[in-house]
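For reference, the chains in residue letters:
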Amino acid sequence: MDIRFEGKRALVTGAGKGIGREIAAQLVKSGAEVVALSRTQEDLDSLKAELGCQTVLADIGDAQQALKAVEDAGPIDLLVNNAGVAIIEPFLETSLDHWDTVLNINLRAAFVVGQAVAKGMVARGTGGSIVNVSSQASQAALPGHTAYCASKAGLDHLTRMMALELGPHNIRVNAVNPTVILTPMGEKVWGDPAKGAPMLARIPLGRFGRPVHVADAVLYLLSDKADMITGVMLPVDGGYLVG
Ligand code: NAP
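So, here's what we can say about the structure. (Residues numbered from 1 in each chain as written. Predicted model: local features only at pLDDT ≥ 70, side-chain atom pairs only at ≥ 80, totals over all residues. Heavy atoms only, no water.)

## Side note on the overall build of the chain
Within the chain, the regular secondary structure consists of eight helices and seven strands. At 17 Å, the chain has a C-alpha radius of gyration in line with the 18 Å of a compact globule built from 243 residues. Its C-alpha atoms put the chain at 50 × 40 × 40 Å along the principal axes. Looking at the 243 residues of the chain, the share that counts as buried comes to 51%. (Helix = DSSP H or I, 4+ residues; strand = E, 2+ residues; numbered from the N terminus. Rg over C-alpha atoms; globule rule 2.2 N^0.38 Å. Buried < 20%, exposed > 50% of the residue type's maximum accessible area, 1.4 Å probe, protein only.)

Rendered as structure tokens:
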């Protein structure tokens, strides 16, 4: 399937590492003009050198920084709300601070950035496409993932609300829901074989994913090939959620 984005401007949050970095690279290869947003300057410098994309430094857990970043990014046709963090601790030990950090980055930032970008799309009357990077954890309860699971469940329903209310403006909004993906986050959370092996055993395809698997699904949903698709949560999970 030939997917091209010539003439389109794309904003990718959390583009410094892992899944977001792969999405940014594939978008550039597909002809999009990419604005890569992340919170570590060295990651943005290496992205700029590799891809020649525009970069924006911001911690979007902070709503003011997120709004300023969208302003700096300029007009956007394609948005990928990808930035996310996982802080693993049991429910009884989940601190208020960590709850706020996870919810502010994984859920509130997608709302803040999504709303600001969508306002621009509506004002320009050009339509657009948005993909939120959720997780299988939005639907499955995973030990130690209270704040993370809650944030991703919220992100799925935010996706449905955005699809419902932005559809009349020809803005499509979808989510992808990956299983364990081998990124710095995936390695941190699942790298210990004692934790990784039982998760792997529950994936029918018997393997963890790579960033390219998620990026392929994201580019499809962003593209006109998915012109009639909005409000879906697309698992990229090797079948984990069937069981
Ligand atoms: P990663 O390897 O940790 O990379 C995340 C990127 O997002 C980093 O560049 C990070 O910057 C950036 N970021 C985090 N918080 C940010 C903030 N507040 N403001 C701006 N940038 C921020 O993670 P990943 O595995 O690629 O995950 C990407 C998305 O996929 C997340 O939403 C995650 O929940 C989701 N996901 C991941 C997996 C998995 O197994 N890896 C599975 C399902 C879903 P710094 O490094 O500078 O902090």
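## Description of the nonpolar core
Residues Phe5, Ile23, Leu27, Val34, Val176, Val218 and Leu222 are the most contacted members of the largest nonpolar core, which totals 30 residues. For this core, the secondary structure elements donating two or more residues are strand S1 (9-13), helix H1 (18-29), strand S2 (33-38), helix H2 (41-51), strand S4 (78-81), strand S5 (128-133) and helix H8 (211-222). Setting aside anything within four residues of it in sequence, one finds Ile23 in contact with Val12, Val80, Asn82, Val133, Ala215, Val218 and Leu219. Residues Leu11, Ala73, Ala118 and Ala163 belong to the second largest nonpolar core, which totals 29 residues. (Core = buried A, V, L, I, M, F, W, Y, C linked by side-chain atoms within 4.5 Å. Contact = heavy atoms within 4.5 Å.)

## Digging into the site of the ligand
Taken together, 31 residues lie around the ligand, and Lys17, Thr40, Asn82, Tyr148 and Thr183 are the ones closest in. At a separation of 2.8 Å, an oxygen atom of the ligand approaches a polar backbone atom of Ile181. Most atoms of the ligand, that is more than half of them, are within 2 Å of grid points of the largest pocket. Contributions of two or more residues to the shell around the ligand are made by H1, S2, helix H5 (146-166) and helix H6 (184-190). Broken down by element, the shell around the ligand gets its largest block of residues, three residues, from H6. Grouping the constituent residues of the shell around the ligand by class yields 14 nonpolar, 13 polar and four charged. (Near = heavy atom within 4 Å. Polar contact = N/O pair within 3.5 Å; in protein donor to acceptor, adjacent residues only side chain to side chain. 1 Å grid on protein atoms, 1.4 Å probe; cavity = no way out; pocket = protein on both sides within 12 Å on 5 of 7 lines; lining within 4 Å. Sits in = over half its atoms within 2 Å of the grid points. Nonpolar A, V, L, I, M, F, W, Y, C, P; charged D, E, K, R; others polar.)

## Notes on the pairing of S2
Within S2, five of the six residues are buried, which leaves it mostly tucked inside the rest of the structure. Where S1 meets S2, five bridges bridge the pair, whose relative direction is parallel. Directly across from Val12, in S2, lies its bridge partner Ala36. Assessed by its sense of winding, the connection that carries the chain from S1 through H1 to S2 is right-handed. The pairing of S2 with strand S3 (residues 54-57) spans four bridges and is parallel. Residue pairing in the sheet places Ala36 in a bridge with Thr55 of S3. Tracing the backbone out of S2, into H2 and back to the parallel element S3 gives a crossover that is right-handed. (Pairing = 2+ DSSP bridges. Right-handed = clockwise from strand over helix to strand, strands pointing away.)

## Considerations on the packing of aromatic side chains
Inspection of every chain in the model, using the stated rule, returns zero aromatic pairs. Just above the ring of Trp190 sits the side chain of Lys195; from NZ or CZ to the centre is 5.7 Å. (Phe/Tyr/Trp six-rings, centres within 6.5 Å; stacked < 30°, edge-to-face > 60°. Lys NZ or Arg CZ within 6 Å of the ring centre and 35° of its normal.)

## Topic: the pairing of strand S6 (residues 171-178)
Across the eight residues that make up S6, a large majority, eight, are buried. Residues of S6 alternate between two faces, with Ile171, Val173, Ala175 and Asn177 on one and Arg172, Asn174, Val176 and Pro178 on the opposite face, all of them buried. For the crossover from S5 across H5 to S6, the handedness is right-handed. Alignment of S6 against strand S7 (residues 233-236), held across four bridges, turns out to be parallel. Looking at the pairing, Asn177 lines up with Pro235 of S7.

## Regarding empty space enclosed by the protein
With the rule as written, the count across this model stands at one cavity of 30 Å³ or more. If you add up the space inside the largest cavity, you get close to 40 Å³. Lining the largest cavity, in full, are Thr13, Ile60, Asn81, Asn82, Ala83, Ile105, Asn106, Ala109, Ala110 and Leu155. For the lining of the largest cavity, the element with the most residues is helix H4 (residues 96-124), which contributes four residues. When grouped by side-chain class, the residues that make up the lining of the largest cavity number six nonpolar, four polar and no charged. (Points joined across faces, edges and corners; volume = space filled by probe spheres on them.)

## Thoughts on the pattern of salt bridges
Pairing of side chains with opposite charge becomes possible as their charged atoms draw close. Scanning all chains against the criterion turns up five salt bridges. Two residues, Arg9 and Glu33, come together in a salt bridge whose shortest N-O distance is 3.1 Å. Pair noted here: Arg9 is in strand S1 and Glu33 is in strand S2, with a separation of 24 residues, a long-range link. Assessed through its relative accessible area of 47%, Glu33 is described here as partly exposed. Lys17 is paired through a salt bridge with Asp43; the nearest N and O atoms lie 2.7 Å apart. (Salt bridge = Lys/Arg side-chain N within 4 Å of Asp/Glu carboxyl O.)

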